Amino acid sequence: MRDAATERVEEVFYAALEVKASEERVAFLDHACTGDARLRSAVEAMLASQADVEKFFRQGSPALASAREISQAIAGTPGLRAGVDSRLSAEEEIGKHIGPYKLLQKIGEGGCGSVYMAEQEMPVRRRVALKVIKLGMDTKSVIARFEAERQALALMDHPNIARVLDAGATVTGRPFFVMELVHGVKITTYCDENCLDARQRLDLFIQVCHAIQHAHQKGVIHRDIKPSNILVTMHDGVPVPKVIDFGIAKAIEGKLTDQTLFTACDQFVGTPAYMSPEQAERSGLDADTRSDIYSLGVLLYELLTGKTPFDQQELLQSGLDEMRRTLREREPHRPSTKLDEFRVEELTQTAIHRHVEPRRLKLLLSGDLDWIVMKALEKDRNRRYQTAIGLGVDVQRYLNNDPVVARPPSRLYRFQKLVRRNKGVFVAVGAVSAALIAGLGASSWLFVQEREARREQARLREEAEHARSSETQLRQEAEARAKIAQAAVFLSRGKPEEADQLVEKIQIPVTEPSLEAAGVFRNLGEWNVAQGRWKPAADRLLKLIQANQVDKSDMTDVATRDLIRVGPALVAAGDTTHYRQFVQETTARFAGTRNPVAAEHVIKASVICPLDQARIQALEPLAGVMEQSIAGATSTSSEYTYMIAWRALALSLFEYRRGDFTNAVAWGQRSLGYSDQRPTCVAMSHLVLAMAFCQLHQPAAARSELAQGRELVEAKYPAGLKKIPDLGGEESGFWHDWVMARLLLREATAGIESAAGGHEP
Amino acid sequence: MSDITLIMQALGRGESRASEELLPLVYDELRRLAEARMARESAGHTLQPTALVHEAWLRLVSNGDRTWKNRAYFFASAAEAMRRILVEHARRKSRLKYGGGQERLNIEDLELADATSDEKLLLVNDALEQLEVEHPERARIVVLKYFGGLTNKEVAETLGIGERSVDRHWVCAKTWLFHKVCGQM
């Protein structure tokens, strides 16, 4: 990259070239590079290579090419001719036909194409907009990509979306698109010309959000949202925004042949000022619905302040790498602070266009509107609004004076971002101290680092390859997100049935953990439990586990709390395959926890059914954590005794599964010995004791324990009860603990009956 | 010549689109010129691309406007056309030589001293693509001089900068490109 040091090197180098005599040159360098050895060696390296440079460029220069070579070269470059033959005027004259479309009038000229008003004659006579892409692109693949998207595009039917009707190739092979004709002006122009105030602008914006949401639900990502793609038309005196160009960015994306480098058109499709960081990245493959959310954020920014977060010209002039860096790393000013950059007359003009006094404008933007915009513009798409409707609803909340979802970032969050932005530094500092402490040599550390880097690169390549082939998956994920968001709305309106029908259609695993998604699945899992629908309940709760992994390194009881919901539900649903898988994953993930409550959750969730030796071994360390915590618990301990009782019960059942029945009895009796236990804990303790006594051939004790356990369980859930209308609570016992007790009752009864059958025929 | 007159007028109004449309015209003209030369000149006769470009220019604008601004657009288009033509040509030849669809030359596969002018051209072009990212103005100068065969004076007039800074940029760019090609930077 260019910097002051490079400039200085070149300055000295160029000056030194002028000094021909060698002693004089040395003297000059002595003087110019005093005290700067690096400067000197850089300049000397450049000077030393001059003879070679001159030779290289003299010999290899095309300036010496012969006429024969040049004409051969020209004669053999047919691709160029076909590609850049862009004498548009010759071909697309008004009145001529392109396919079934008759060109009537040129209505626009963009960076990459021209737009005409045209008349379609067959099968219906109607006016359409026809956009001809003028670059030398690979027409076949543009049209192939359009065809792939066509079905999805056809599904879109929304008053704020201009439909894309057709695509094809002109006689000379340039791709064209046919769209519903919209008589309108750019949304920003419309707002400024009519001096719309903030509320009116936000109203229009919300409509745009609805349109984009509709498209996302149909699986279509726009990829090029910007003011010139949102036209405002008047409908009975009411302004209606219409989003145009759906599917076009996708069709012509990325795959520009190198012929387009030739043209003045931007090097890649899309408009940098509106482009999300992930779209600007080199691969450019990774756009999803949240890239559109980012662009919506830029649009909102511009509607409010009149400017985009980053200046389009500056971005283009800074060069590609710098532009990517800006989009990826630089925090834009908040809308309200952006105004501070404005000149006085600029501010006045901006304010007049928004029908507000200049000094009120800043006040208007600061606070909620700032945070809404900034949330949409998050670099990390997981932190943005996850859906267009989410953004629209938040704007509506602002208009209704309700509290908005977007909030200023907390200090912890900002620190995390700092770490993320300077990952190299933090990792290096951390690693260096680790190396010092461990006494590792720096070289071995570097070796490991390098190997890691290579692995990382391989992984990234793989990911990129994967992304290329995963358009369908992206679409499914987007659908899943949208369904979850809608389900959350249904739930908040007290309509679990509708919500459940929505999420039922989600066929893929939840790949993007979020608290919102976890909330939805927990809620719906329990709703299904209450209906006695165990299979769907198990499905929702499994998705809850997937949605819960927001922080995969979290090993506290916060992360394990939902496990004890899932285990019993899976077993009750009779889904042993998924239960076994669940136990496997759970034990693997939480094997290292030192948190006794987490350990108790993991063990309890894992030992509902008999389990294999490997699982038992995996759980042993967790049992150790619990034993230690019980041993360390004294009267001065802040932990409640009922919590210790739970741990003793978990150990009792664990010992039983391990086959150590004596220990199982010891722990079970200990559990019953604590005061203040939950009824569920008491019931389960009796049942484990019953099973253990049975194994120890003490049938009388076993039957007595079984009877006590049964009485408690059936008092809560009578035998044969299918639905579980009462989901219980902390004091009366949670449904999942009662369900687990019920499962143990079933197992204990069967065991004792068969033992009785064996001994007393 | 009506096309070119219209384009020239558009250029005069500062419409950048016009320079894009100029490119195929330049290309056609270069092609015609080269063919004509081939027909009447013996093999081995060397022709500076500068001469080709100049001649193309004179023909194109013989009844048009001749301000420097237009000339600048023209030279930029012409040099870019030359670059394109020569790079395509060199690629095709090196592909034949190495067999199969090799797109980029690998520096390890050839000794720089033994490299043909085609191979060098491709190496320079690759390095130039990097320069275009890091220092676009300097890259423009390289295109005009290296591919367009313009003199320092012409480049200075085309880009509206001093001759001395053209020279400085050219010298620095050459050194940078050389080091890049040799893999030393």
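The shown structure was predicted, so the numbers you read here are calculated from the model rather than taken from an experiment.

Comments concerning the overall build of chain B
Okay, step 1: In terms of regular secondary structure, chain B is built from eight helices and zero strands.
Okay, step 2: Counted from the first residue to the last, chain B has its helices and strands arranged as α-α-α-α-α-α-α-α.
Okay, step 3: Taking all 185 residues of chain B together, the buried fraction comes to 43%.
Okay, step 4: Counting contacts in chain B only where the partners sit at least 6 residues apart, residues at least 24 apart contribute 67% of the total.

Focus: the overall build of chain A
Okay, step 1: Helix and strand counts for chain A come out as 37 helices and 11 strands.
Okay, step 2: Going through the 761 residues of chain A one by one, you find that 41% of them count as buried.
Okay, step 3: The long-range share in chain A, meaning contacts at least 24 apart out of those at least 6 apart in sequence, stands at 67%.

Overview of the sheet that holds strand S9 (residues 238–243) of chain A
All names here are of chain A.
Okay, step 1: What the three strands build is an open sheet, ordered S7-S8-S9; its pairing is antiparallel. Either end of the sheet is taken by a strand with one partner, and the two such strands are strand S7 (185–186) and S9.
Okay, step 2: Relative to S9, strand S8 (residues 230–235) is paired through six bridges, and the arrangement is antiparallel. If you follow His 235 over to S9, its bridge partner there is Val 238.
Okay, step 3: Across the face of the sheet, helix H10 (residues 198–217) comes into contact with S8 and S9 while running at roughly 35° to S9.

Points about the packing of helix H27 (residues 534–547) of chain A against helix H29 (residues 563–572) of chain A
Two quantities define a packed helix pair, namely the angle between the helix axes and the distance between the axes.
Residues and elements named next belong to chain A.
Okay, step 1: Two elements in contact, H27 and H29, have axes separated by 9 Å at closest approach and are oriented at 150°. Here H27 lies roughly antiparallel to H29, going by the angle between them. Pair H27 / H29 crosses with left-handed handedness. Listed contacts from H29 to Trp 534, Ala 537, Ala 538, Leu 541, Leu 542, Leu 544 and Ile 545 of H27 are Arg 565, Val 566, Ala 569, Leu 570 and Ala 572.
Okay, step 2: Class assignment for the residues of the contact of H27 with H29 results in 11 nonpolar, no polar and one charged.

Describing helix H20 (residues 388–399) of chain A
Three- or four-residue spacings in an α-helix give side chains the same orientation, since the helix completes a turn every 3.6 residues.
All names here are of chain A.
Okay, step 1: In this model, H20 (12 residues) spans 17 Å end to end at C-alpha, consistent with the 16 Å of a helix rising 1.5 Å per residue.
Okay, step 2: Most of H20 sits inside the fold, with nine of its 12 residues counted as buried.
Okay, step 3: Restricting attention to buried positions, one finds in H20 the residues Ala 388, Ile 389, Gly 390, Leu 391, Gly 392, Val 393, Asp 394, Val 395 and Tyr 398.
Okay, step 4: Asn 401 sits one or two residues past H20 and shows a positive phi near 60°.

Let's talk about the nonpolar core
Okay, step 1: Formed by 172 residues in total, the largest nonpolar core has its most connected members in A:Leu130, A:Leu296, A:Ala376, A:Val566, A:Ala569, A:Leu687 and A:Val688.
Okay, step 2: Per-element tally for this core: the top contributor is helix H35 (residues 679–695) of chain A, with 12 residues.
Okay, step 3: Every residue in contact with A:Val566, bar those within four places of it in the chain, is listed here: A:Leu541, A:Leu542, A:Leu544, A:Ile545, A:Phe582 and A:Ala605.
Okay, step 4: Membership of the second largest hydrophobic core comes to 36 residues, among which are B:Val87, B:Leu122, B:Val124 and B:Leu131.

Some points on the pairing of strand S6 (residues 175–180) of chain A
Residues and elements named next belong to chain A.
Okay, step 1: The element S6 is largely enclosed, with a buried count of five among its six residues.
Okay, step 2: Bridge analysis of strand S4 (residues 126–133) against S6 gives five bridges, and the strand direction is antiparallel. Within S6, the residue paired with Val 132 across the bridge is Phe 176.
Okay, step 3: With five bridges connecting them, strand S5 (residues 164–169) and S6 associate as antiparallel partners. Across the sheet, residue Ala 169 finds its bridge partner in S6, namely Pro 175.

Some details on the confidence of the model for chain A
Residues and elements named next belong to chain A.
Okay, step 1: Taken residue by residue, chain A gives an average pLDDT of 78. The fraction at 70 or more is 78%.
Okay, step 2: Every residue in residues 78–91 scores below 50 in pLDDT, and together they form 25 contacts with partners more than four places removed in sequence or on other chains.
Okay, step 3: Between residues 254–269, whose pLDDT stays under 50, and residues either more than four places distant or in other chains, the model counts 39 contacts.

Some remarks on helix H13 (residues 289–305) of chain A
Residues and elements named next belong to chain A.
Okay, step 1: In this model H13 runs 25 Å from its N-terminal to its C-terminal C-alpha over 17 residues, within 8% of the 24 Å that 1.5 Å per residue would give.
Okay, step 2: Across the 17 residues of H13, 17 count as buried, placing the element largely inside the fold.
Okay, step 3: Residue Gly 306 follows H13 closely and has a positive phi angle near 85°.

Considering the environment of A:Tyr674
All names here are of chain A.
Okay, step 1: Mapped onto the fold, Tyr 674 is located in the loop between helix H34 (661–673) and H35.
Okay, step 2: A residue is classified by how many C-beta atoms lie within 10 Å of it, and Tyr 674, with 20 of them, is buried.
Okay, step 3: Taking C-alpha positions, Tyr 674 is 9.7 Å from Trp 646, a pair spaced 28 residues apart along the chain.
Okay, step 4: Among all residues touching Tyr 674, those that are not within four sequence positions of it are Thr 641, Tyr 642, Ile 644 and Ala 645.

Digging into unusual backbone geometry
Okay, step 1: At A:Asp236, a residue that is not glycine, the phi angle is positive and equals roughly 50°.
Okay, step 2: By the element assignment, A:Asp236 lies in the loop between S8 and S9.

Digging into the environment of A:Ala287
All names here are of chain A.
Okay, step 1: Here Ala 287 lies in the loop between helix H12 (277–280) and H13.
Okay, step 2: Judged by local crowding, Ala 287 falls into the buried class, with 25 C-beta atoms found within 10 Å.
Okay, step 3: It is 8.4 Å that separates the C-alpha atoms of Ala 287 and Ser 276, two residues lying 11 residues apart in sequence.

Focus: the confidence of the model for chain B
All names here are of chain B.
Okay, step 1: A residue-level look at chain B finds 48% of positions with pLDDT of 70 or above and a mean pLDDT of 68.
Okay, step 2: Least confident of the elements in chain B is helix H1 (residues 2–12), whose mean pLDDT is 59; most confident is helix H8 (residues 163–181), at 89.
Okay, step 3: Between residues 63–68, whose pLDDT stays under 50, and residues either more than four places distant or in other chains, the model counts 10 contacts.
Okay, step 4: Within the model, pLDDT remains below 50 along residues 100–114, and this stretch shows 12 contacts once partners closer than five positions in the same chain are excluded.
Okay, step 5: Two numbers describe this predicted complex: its pTM, 0.43, and its ipTM, 0.76.

Calculation notes
Residues numbered from 1 in each chain as written. Chains lettered and ligands numbered in written order. Predicted model: local features only at pLDDT ≥ 70, side-chain atom pairs only at ≥ 80, totals over all residues. Helix = DSSP H or I, 4+ residues; strand = E, 2+ residues; numbered from the N terminus. Buried ≥ 20, exposed ≤ 12 C-beta atoms within 10 Å, placed from the backbone. Contact = placed C-beta atoms within 7 Å. Pairing = 2+ DSSP bridges. Axes fitted to C-alpha atoms, helices over the stretch in contact; angles between N-to-C directions. Parallel < 35°, antiparallel > 145°, perpendicular 65-115°, else oblique. Left-handed = near helix turned anticlockwise from the far one by under 90°. Nonpolar A, V, L, I, M, F, W, Y, C, P; charged D, E, K, R; others polar. Expected span 1.5 Å × (residues − 1). Core = buried A, V, L, I, M, F, W, Y, C linked by C-beta atoms within 7 Å. pLDDT = per-residue confidence, 0-100.

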